[in-house]
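The residues making up each chain are set out below.
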Amino acid sequence: MIIDLQKFLATERPAWEELEEILGKLEDEPNWRMDLGQLKHFHYLYERASADLGKIVTFASEPETRHYLESLVARAYGEIHESREKAHGLRLFHWFFIIFPQTFRRHIRAFWLAVAVTLAGCLFGGLALAFDPDAKAILMPFEHLQGSPAERVAREEQSTHDSLSGERGSFSAFLMTHNTQVAVFALALGATWAVGTILLLFYNGVILGAVAVDYILAGQTRFLAGWLLPHGSFEIPAILIASQGGLILGRALIGWGTRASLKTRLRAVSHDLVTLIFGVAVLLIWAGLVESFLSQYHEPVLPYSFKIIFGLVELGLLSLLLGKSGASPGLETTEAGQPR
């Protein structure tokens with residue numbers, strides 16, 4: 001079959017985008033019902049996209065367009081042949097335990113990039129503090145971290161006054177709000193072509209690495225682990241996932257490896273970005289509660305071993321959620337829309 005590829009793409013793309021818009025509305029509004037005319041038009045667009053897929057599959061130079069059409073046709077086929085009743089309500093448990101982890105895994109490379117940038121920052125901050133202890137005021141611009149770790153630990157362990165008495169609820173609410181703002185900011189910085197997201201990840205890594213080395217060199221490793229693990233096992237991955245969203249947004253803006261328009265690229269990732277940031281918000285709610293009601297209490301009130309084990313169990317459960325929950329062989333797709 002010989003066709004003018006550029007003319008074919010220019011002619012057919014509006015129909016594909018119209019079909020994608022209808023599918024998006026069907027997915028966003030489960031209770032929406034089309035009238036007979038709309039149903040006929042929807043079926044026409046589906047048949048047209050299927051025919052176009054048959055034509056484009058012969059062009060090895062257009063893998064992105066072929067993947068896009070395969071995903072579009074599969075979604076339309078699923079809507080047309082769906083025999084189950086539409087679920088009512090938000091199905092929050094299904095969303096959190098199925099949709100959220102599937103979305104996370106679909107963009108796993110962006111997550112590992114966020115981890116790598118953060119670890120690079122940790123390495124830089126840790127080495128900088130180890131070789132130049134006087135840089136502490138610059139590396140850790142927080143007053144409560146400026147003092148000696150050993151003195152702080154001794155003060156915490158000897159204190160008989162509960163500094164959060166009567167204020168644990170408000171303190172946890174503050175933590176949730178603040179951390180969620182940081183997460184949204186990390187994702188929004190993707191609008192800088194992800195440069196801002198990468199800088200924020202590196203900066204957070206520098207602080208984390210400097211704090212860790214400061215306490216380890218002072219011989220307070222158990223205190224550090226008992227202090228950070230209970231809430232950090234959720235808080236740190238949540239910020240990384242939000243930054244994962246920022247990297248996804250940045251890539252969509254740049255448009256590496258695709259000829260799709262900016263509007264199409266942004267529409268393709270918008271649902272995933274919303275899913276990721278709302279999932280992050282749920283994780284940060286739990287992290288705020290744990291930090292307020294558990295992390296701030298040290299020996300002899302709470303044994304460090306208990307806090308460390310609690311944090312490791314949390315981290316294991318979160319890893320299972322993100323890595324395995326909702327996984328069905330042959331049903332998950334990669335970022336390009338292909339089955340794994």
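Residues numbered from 1 in each chain as written. Predicted model: local features only at pLDDT ≥ 70, side-chain atom pairs only at ≥ 80, totals over all residues. Heavy atoms only, no water.

## Digging into the packing of aromatic side chains
Phase 1 of the analysis: Taken as a whole and judged by the stated rule, the model has 16 aromatic pairs.
Phase 2 of the analysis: Judged by centre distance (6.2 Å) and plane angle (35 degrees), the ring pair of Phe 306 and Phe 310 falls under tilted. On the criterion of helical spacing, the pair formed by Phe 306 and Phe 310 is a turn pair, its members being 4 residues apart in helix α12 (residues 304–324).
Phase 3 of the analysis: Taken together through their ring pairs, the aromatic side chains of Phe 93, Trp 95, Phe 96, Phe 97 and Phe 100 make up a single cluster.
Phase 4 of the analysis: Over the ring of Trp 227 we find Arg 152, and its NZ or CZ is 4.3 Å from the ring centre. (Phe/Tyr/Trp six-rings, centres within 6.5 Å; stacked < 30°, edge-to-face > 60°. Helix = DSSP H or I, 4+ residues; strand = E, 2+ residues; numbered from the N terminus. Lys NZ or Arg CZ within 6 Å of the ring centre and 35° of its normal.)

## Let's talk about the confidence of the model for the protein chain
Phase 1 of the analysis: Counting all residues, the mean pLDDT for the protein chain is 87, and 91% of those residues have values of 70 or more.
Phase 2 of the analysis: This stretch, residues 336–340, has a pLDDT under 50; its non-local contacts, to residues over four places away or in other chains, come to 14 contacts. (pLDDT = per-residue confidence, 0-100. Contact = heavy atoms within 4.5 Å.)

## Concerning the nonpolar core
Phase 1 of the analysis: With 34 residues, the main nonpolar core has Phe 100, Ala 183, Ile 241, Val 280 and Leu 283 as its most contacted residues.
Phase 2 of the analysis: The set of elements that each furnish at least two residues to this core consists of α4 (92–106), α5 (108–131), α8 (168–188), α10 (221–254), α11 (262–295) and α12.
Phase 3 of the analysis: Not counting chain neighbours up to four residues away, the residues in contact with Val 280 comprise Phe 100, Ala 183, Ala 238, Ile 241 and Ala 242. (Core = buried A, V, L, I, M, F, W, Y, C linked by side-chain atoms within 4.5 Å. Buried < 20%, exposed > 50% of the residue type's maximum accessible area, 1.4 Å probe, protein only.)

## A word on the pattern of salt bridges
Side chains bearing opposite charge may pair, as long as their charged atoms lie close to each other.
Phase 1 of the analysis: What the rule picks out here adds up to 7 salt bridges.
Phase 2 of the analysis: Put simply, Arg 267 and Glu 20 hold a salt bridge, and the shortest N to O gap is 3.8 Å. With Arg 267 in helix α11 and Glu 20 in helix α1 (residues 5–28), this pair connects stretches of sequence that are 247 residues apart.
Phase 3 of the analysis: Overall, Arg 267 belongs to the partly exposed group, its relative accessible area being 23%.
Phase 4 of the analysis: Asp 272 is paired through a salt bridge with Arg 106; the nearest N and O atoms lie 2.9 Å apart. Here Asp 272, found in helix α11, pairs with Arg 106, found in helix α4; they are 166 residues apart in sequence, far enough to count as distant. (Salt bridge = Lys/Arg side-chain N within 4 Å of Asp/Glu carboxyl O.)

## Let's talk about the environment of Ser 148
Phase 1 of the analysis: Tracing the backbone shows Ser 148 in the loop between α6 (136–139) and α7 (149–158).
Phase 2 of the analysis: In the structure, Ser 148 is positioned 70 residues away from Ala 218 in sequence and 8.1 Å away in space, judged by C-alpha atoms.

## A look at the side chain of Ser 292
Phase 1 of the analysis: For Ser 292, the position within the fold is in helix α11.
Phase 2 of the analysis: Of the residues examined, Ser 292 reaches a relative accessible area of 0% and is grouped as buried.

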